[in-house]
Every structure is written in structure tokens, then in C-alpha cells.
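Descriptive analysis of the structure
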Amino acid sequence: MATEANPDVDPNSLDTHLLQYLYVGQECPKYQPGNWFVHNYYYAHRVPSIAQLAEDKAKEGLPVELILKAYESKLVQNQETLVFALAVCARQDKSEVLRHKAYEAIKTVCQMPQHFILFVKFASQLSKQQPDPKHGWGHGWRKAVNNWYLSKNALELAKCVTRYKGRYGWKHKDIIKLAHPAPPKDDIAMRAVLRYIAYGFKDTKSHFQQSMDNEQLSEVIQYIENIEDFKHCEDEVRAARLIEVHNLTLDHVPGHFLKSEEVWNALIPTMDLTTLLNNLQRMHNMGLLKSNAPGVEKITDAISNVKSLASEKIHPALVLITIKNYENSGKPLSYEKRVVQQEAEKPLPSPPKPNQTIVKALYKTLNLTLAHLEPTRLRYMVVINMNKLMLESRAWRSGNVTAAEAGCLIALSLLRCEKTVTVATFKHIGVHVVNLDRNGTFGQAMRKLQQAPVGTVDISKPMSWATHQNKKYDIFINIVDQITQKLDESREAIKAYRTKMNLPNVKLVNCTMCTPAVPDVDVPDKNVLTICGFDAGVPKIIEAFAKSLF
């Protein structure tokens, strides 16, 4: 049965379910932030559409095509779903065609070493979970793994394996001992890298000592020696210098240097902004960001670099979460950690107070990132519940951001990049339109929203209001603390709006900021997305949904 929201796509179609899994981790339109490894999202029964598509000879190659399409969109917020889905395709036994397509796609989806190692982990687990457990290292599988290693030149591979020796309980050493990659005999540099992985640097240098007149080999050996020299260095001043000379990253740093101020100051210019923001509290807790510390100026310069913010496409949501975590001395402790701390005789000391210079720079960065958002060229109506609970309650999974702040961030992000955006609050009868300054700051937008009237929340009100006002929108977004009414009511309202306005493609997003639970519906509507909680990926999830990518 075709949905009236999109006549070209069956809401019950297997490809739709698979796309939903790739973007939100479930084969239904519902997104919940959190650690998906802990919550068991990566089991084959979570994505049954792959096996069902594999049984259809007309669509057996479609899963890999959809995975590649989602990868190219750059809007999948948890890359692990792409890697896991690809591993399921490679390990299923319904279609040989699909398996070979999955092997071919490894070099695209798993370009990053950590994603490749994660793929190996998933594939190995899936093999053991089959009714007839196998090790999973057949000829086709070994060929695919070997192609990943041998598709790179020797220096590229050396950079990969020195930066990421292992992840997720697997090491490159384990993988090549199972796959036995065999480079051409005349590629002595590649043979040296593979020997280094298996036997270490000392053995490799000794083994190839007589062949050092080979230019490629000499370059590779010198590169590896530089990395090994750094990792075994004991002088932090010299280590900092080696980071600057060889442009090393945090992944190269050995454990004994992870509390060195000299090393961290050298690392700051080499970090991408996402890594820098994610490690800000870590550096602060170590006392590296005290007043007049050299790291403070480096960080403020880095996070205020307009070119870097634009090229790395840093979203304001990540910056807001970083600000709130930093102002509140870090991420909130999990329940288990809170219990341990309360029971301990000596509770952990509180970290030093935030450096106000960095706080000011972060707020500047927040407003800079709002200027680099890319438009979808769609029409939005965003309605936010601004009652006391929203202003005081923390967003689920972002425990230092209030629900109202999360809603304001979503609304302001859309205002900055889209031409048609109506922002409103719920009131007792209908909604109240708030005229936010499109170019205003986050603080100004929050103050304006707080001044707006509040009233009874009914998530069908925005559609009713838009119908009465004869306003045309492509996306409705409700941002509330929780939903107590039946979701079917909002679904009926969006259907009525589509029919009345003759807009069959209109979508609805219901964001429940303070709870992981919402009332269930009998038959999910692919054009109604539910988001529980808030994290840095939520605005991009909304963007992908608005673009009909899932």
C-alpha cells in the first residue's frame, strides 16, 4: 500500500526499513541517542531486511547499493550502522551476488582503518552467531581483506597501521595472520610494512637492511622509525618537538605522555576541531587550561578559525553541548558511576572552574558555526514547548543541555540557513508565533523564546494552525519534554493537512527531549519521525529525514 506522503515508496518496503536502520539504528522511524554497542543495536535480528532482500533475485544487490548511497550522503551520524550492515551483507548465506558486492564495497565504506577493523570484528561475530558457527575466513573473505591492505601504497599503509594499531579488540597483526596478504614480490616496501605489522620494527629493519638502497623502502622504514622513536621517547619536550616535526596526532601518543602539558600543547594545532572539542574537558581537568597557560590561546585561535569551521562543517549542536559540558565541569556521570562515587570514602575532587576566556571563545564559535549551515530549501514550522519543565529539565543523553536550549538550537539553526521558517510556542489555544531575529545570537533567541506565552501541549496544534492560516510547509517539528497523548492524533492531523493543502510529501518530526519512551503506534508511518533525547547528531538526523533519505 503506497503512502500518500510519498507515492513512489511503499512504507512497508524492505529498502525503506534498511535505510531507516542505516540512519537511526532501527527499522522504524525512531532515533534514540546513546551508546548503540551497549544497547545491542548490532545484532543481525536488528536488520532483517537484508536477508529478505537477499532472497529476492530482483533486489539481491540492493542492500549494498543503499549502504553506499547512505555513505555518500554524509548525513549518517553513526557510521557503525553502515559498517555493521555491510558485514551482515558479507556474512549472509542467501545471495552470493550480495556477498561479492559487499566485499567490493569494503574499500569505500571502510576507508578509515578503525572502520575496517570494526568491519572485521562484526563479520567475525556474525560468523559465530550462525546456526552452524564458522570462523568466517574463507577464500572470498580473505581476498576482500587483502584487497583493503594491498589497495594502498606502502607509505599509506604504514601511516594507517602506526596510527591505529588496533581497535575493538582486534589488531592489524591478528588480521594479517589470518588473511595472509601477499604483495607483488617486487614491492619490497609493502612487504616491509606487512612484516612490521607481524614482527615489529626491530625485526623488519634487520630483515631488509641489505635492501635500503630502494627509495620507497628507505622512505617507509624512515617513517616507521620516526613513529617508533616518538612512542619510546621519555623526554616530553623532545616528544612535543617530534609531534610538530612529523605532524603526529593524538592517536600516536603513548599512554605515558597523555598527561603531559608539553605534549598536549603540541597536539592542539594538529587536532581536527571535533577531536579538540571532545577533548576540551579532558585538557581542562588536567590543569592545562589555567589562566595565561599557553594552551588557552592555542585553543581559542583554533576554535575561532572561520576557515576550519567551514571546511570541517562543525555543527552548532556539537559546540552547544561542549559549552554546557564545560560550564558544568564535564559530562554528567552515569547512574552506575554516581553510585560508585557516592559509596566511595573519598569522592573524586571537583575539576577546576571553567576558564572564562575559553567559554567566551566557545560562544563566539557557536555563532560562527551558525553561519556555515547548508540549506535544504524546504519550508519548516518549528513549535517549542517553553514551559518551566522544558527550561529546567535536562535533555536525555545530553544532561547539561536543557530541553529548551536544545529546541532553541534546532530552531535557530534552521532560521539561519532556510528561507521559510516559522518558529512558535504552544499556548492554550493554538500556537504563538515568535519573531526571532534570523541573524541574532543563541542567547538572544533563548531570551525571546522565554518571553513567549506558554500553554497546553498538543502536538497536533501546529498542523491545525497551519491549515487554518492556509500556510504551506514541508516539515513540521514539535519539540516537547514528553508526549503523553497518542501519537496517532498527530498522524491524523498531518494526514488531514496533506489532504487539505494538497501537499502529499509533508513530514512530521516529534522530538521528546526529556524521555527515552513514547507511546507506541500500531503501524509506523515512514513520514513521521520520533526523536527521543538530544545529541550532536539530532539536527543532521532531521536534515536527512527532511531530504527523504530514509
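Every value quoted in this text rests on a predicted model; they were computed, and no experiment measured them. (Residues numbered from 1 in each chain as written. Predicted model: local features only at pLDDT ≥ 70, side-chain atom pairs only at ≥ 80, totals over all residues. Heavy atoms only, no water.)

1. Quick notes on the packing of helix α12 (residues 215–231) against helix α13 (residues 236–246)
- Where α12 meets α13, the axes come as close as 10 Å, and the angle between the chain directions of the two elements is 155°. By the angle between their axes, α12 is roughly antiparallel relative to α13. By crossing handedness, the relation of α12 to α13 is classed as left-handed. For the pair α12 and α13, the contacting residues are N226, D229 and F230 in the first and R238, A239, L242, I243 and H246 in the second.
- Considering only residue class, the contact of α12 with α13 consists of four nonpolar, two polar and two charged. (Axes fitted to C-alpha atoms, helices over the stretch in contact; angles between N-to-C directions. Helix = DSSP H or I, 4+ residues; strand = E, 2+ residues; numbered from the N terminus. Parallel < 35°, antiparallel > 145°, perpendicular 65-115°, else oblique. Left-handed = near helix turned anticlockwise from the far one by under 90°. Contact = heavy atoms within 4.5 Å. Nonpolar A, V, L, I, M, F, W, Y, C, P; charged D, E, K, R; others polar.)

2. Some remarks on the packing of helix α17 (residues 294–303) against helix α21 (residues 356–369)
- Between α17 and α21, the least distance of the axes is 9 Å, while the angle of their chain directions is 5°. By the criterion of interaxial angle, the relationship of α17 to α21 is roughly parallel. Here V296, T300 and I303 of α17 lie close against α21, whose contacting residues are T357, I358, A361, L362 and T365.
- For the contact of α17 with α21, the residue count by class is five nonpolar, three polar and no charged.

3. A look at helix α4 (residues 79–91)
- A rise of 1.5 Å per residue sets the reference length of α4, with its 13 residues, at 18 Å; its end C-alpha atoms lie 19 Å apart and thus fit the reference within 8%.
- In terms of residue burial, α4 counts as a mostly covered element, since 11 of its 13 residues are buried.
- Every buried residue belonging to α4 is among T81, L82, V83, F84, A85, L86, A87, V88, C89, A90 and R91, and all of these are buried. (Expected span 1.5 Å × (residues − 1). Buried < 20%, exposed > 50% of the residue type's maximum accessible area, 1.4 Å probe, protein only.)

4. A few points about the environment of N400
- Inspection of the secondary structure puts N400 in strand β6 (residues 398–402).
- On the accessibility criterion, N400 (8% relative accessible area) is buried.
- The spatial distance from the C-alpha of N400 to the C-alpha of T270 is 28 Å, given a sequence separation of 130 residues.

5. Some details on the sheet that holds strand β11 (residues 528–532)
- The strand order across the open sheet built from seven strands is β1-β11-β10-β9-β4-β7-β8, with neighbouring strands paired in mixed fashion. This sheet does not close on itself; its edge strands, each paired only once, are β1 (30–31) and β8 (431–433).
- Bridge count between strand β10 (residues 507–512) and β11: five bridges; the pairing is parallel. In the sheet register, C511 faces β11, and the bridge partner there is I531. (Pairing = 2+ DSSP bridges.)

6. Quick word on helix α5 (residues 96–109)
- The terminal C-alpha atoms of α5 lie 20 Å apart, and with 14 residues this matches the ideal 20 Å at 1.5 Å per residue to within 8%.
- The largest bend in α5 is about 25°, located at Y103.
- Taken as a whole, α5 has its buried residues at L98, R99, A102, Y103, A105, I106 and V109.
- In the core, the buried residues of α5 are packed alongside α2 (49–54), α3 (62–73), α4, α6 (113–128) and α7 (139–150).
- The N-cap of α5, judged by a side-chain oxygen 3.3 Å from the amide nitrogen of V97 a few residues on, is S95. (Bend = angle between axes of the 7 residues up to and from the residue. Polar contact = N/O pair within 3.5 Å; in protein donor to acceptor, adjacent residues only side chain to side chain.)

7. Some words on unusual backbone geometry
- If you check the backbone angles, N470 has positive phi at about 55° while not being a glycine.
- By the element assignment, N470 lies in the loop between α25 (461–469) and β9 (475–480).
- Its identity as a non-glycine residue notwithstanding, N502 has a phi of 55°, on the positive side.
- Mapped onto the elements, N502 comes out in the loop between α26 (487–501) and β10.

8. Some details on the nonpolar core
- Counting residues in each nonpolar core, the largest one holds 165 residues, and the members touching the most others are L22, Y23, L86, I106, F116 and I477.
- In terms of residues, this core owes the most to one element, helix α23 (residues 403–417), which gives 11 residues.
- Residues within four places of L22 in sequence aside, it is in contact with L66, I67, A70, V76, T81, L82 and A85.
- If you look at the next biggest cluster of nonpolar residues, it comprises 21 residues, including V383, A424, V431 and I494. (Core = buried A, V, L, I, M, F, W, Y, C linked by side-chain atoms within 4.5 Å.)

9. Concerning the pattern of salt bridges
- For the coordinates displayed, the defined rule picks out 18 salt bridges.
- R238 serves as the salt-bridge partner of D229, at 2.6 Å between the closest nitrogen and oxygen.
- For D229, a relative accessible area of 31% gives the class partly exposed.
- What makes R238 partly exposed here is its relative accessible area of 38%.
- Salt bridges linked by common partners bring R163, R167 and D251 together as one network. (Salt bridge = Lys/Arg side-chain N within 4 Å of Asp/Glu carboxyl O.)

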